[in-house]
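# Descriptive analysis of the structure
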Amino acid sequence: MAFSDSTILEALAAHYTAATPPSGETLKKAFAYPPDGLNATPAIVLYPGSDSVSYGAANRQVSLAVAATLYLPLVEYARNYARTAAWREYMRDSMLDAVQLNGTSGVSQVSVTGTVVDSSEYGDAPFITITANIQVIGIEVISPSA
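Presented here is an overview of the structure given in this document. (Residues numbered from 1 in each chain as written. Predicted model: local features only at pLDDT ≥ 70, side-chain atom pairs only at ≥ 80, totals over all residues. Heavy atoms only, no water.)

### Here we look at helix α1 (residues 5-18)
Put simply, the rule is: Strands are runs of DSSP state E lasting at least two residues, helices are runs of H or I lasting at least four, and both sets are numbered from the N terminus onward. Each helix should span, by expectation, one fewer than its residue count multiplied by 1.5 Å. Type-normalised accessible area, obtained with a 1.4 Å probe on protein chains alone, sets the label of each residue: buried when under 20%, exposed when over 50%, and partly exposed for intermediate values. Note on definitions: a residue-residue contact is assigned when non-hydrogen atoms from the two residues lie within 4.5 Å.
Helix length check: α1 (14 residues) gives 20 Å between terminal C-alpha atoms against 20 Å at 1.5 Å per residue, within 8%. All of the buried residues along α1 are Ile8, Leu9, Ala11, Leu12, Ala13, His15 and Tyr16. Tucked inside the fold, the buried residues of α1 contact β1 (29-31), β2 (43-56), β3 (59-73), α2 (81-92), β4 (109-122) and β5 (125-141).

Below, the structure is given as structure tokens:
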């Protein structure tokens, strides 16, 4: 049971692609890795963050942080409060039906640990961003030897 960052990022992108977006909305694309530009939104871009490793009796626990950032066009921000709230709920609840990331090898638990609404630029274009901070945990059986 290997913990593979690239496999996990691809599985997260596939999960977002298959998930049902908020009512009346369509997620255009979920990217496992940041693309050169965003030609269609709403889109989710995954950014791998830090990891940590701890050891127990015959096991190793790996924890990987991933930021899943949803990009919405920044037009009349005040008009978008309801839309932003709906997408934030979607991002917050996005892993409730995939706590083991649909059986991805090496994944024991996936959890959204918090969300942030902000604004940012991507490819010189302004966007409203909603970021879900995701923690991916894998527990592997190991055989330590001297």
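### Some words on the pattern of salt bridges
Opposite charge on two side chains permits pairing when their charged atoms draw close. Selection rule: Definition used for salt bridges: Asp or Glu carboxyl oxygen within 4 Å of a side-chain nitrogen of Lys or Arg.
Under the defined criterion, the tally for this structure stands at two salt bridges. Across the salt bridge formed by Glu25 and Arg83, the nearest N and O atoms sit 2.8 Å from each other. Here the residue Glu25 occupies a position in the loop between α1 and β1, and Arg83 occupies one in helix α2, the gap between them amounting to 58 residues.

### Overview of the packing of aromatic side chains
This is how the line gets drawn: Stacked, edge-to-face and tilted are the three classes for Phe, Tyr and Trp ring pairs, Trp counted by its six-membered ring, which pair at centre distances within 6.5 Å; planes under 30 degrees apart are stacked, over 60 edge-to-face, the rest tilted.
Inspection of every chain in the model, using the stated rule, returns four aromatic pairs. Taking 5.5 Å as the distance between ring centres and 80° as the angle between the ring planes, the aromatic pair formed by Tyr71 and Phe127 counts as edge-to-face. Within this pair, whereas Tyr71 is found in strand β3, its partner Phe127 is found in strand β5, the two being separated by 56 residues in sequence. Just as Tyr71 is buried, Phe127 falls in that class too. Taken together, a centroid distance of 5.1 Å and an interplanar angle of 85° make the contact between Trp87 and Tyr90 edge-to-face. With a gap of three residues between them, Trp87 and Tyr90 both fall in helix α2, about one helical turn apart. Of the two residues, Trp87 and Tyr90, both sit in the buried class. Within the aromatic cluster, the residues linked to one another by ring pairs are Tyr16, Trp87 and Tyr90.

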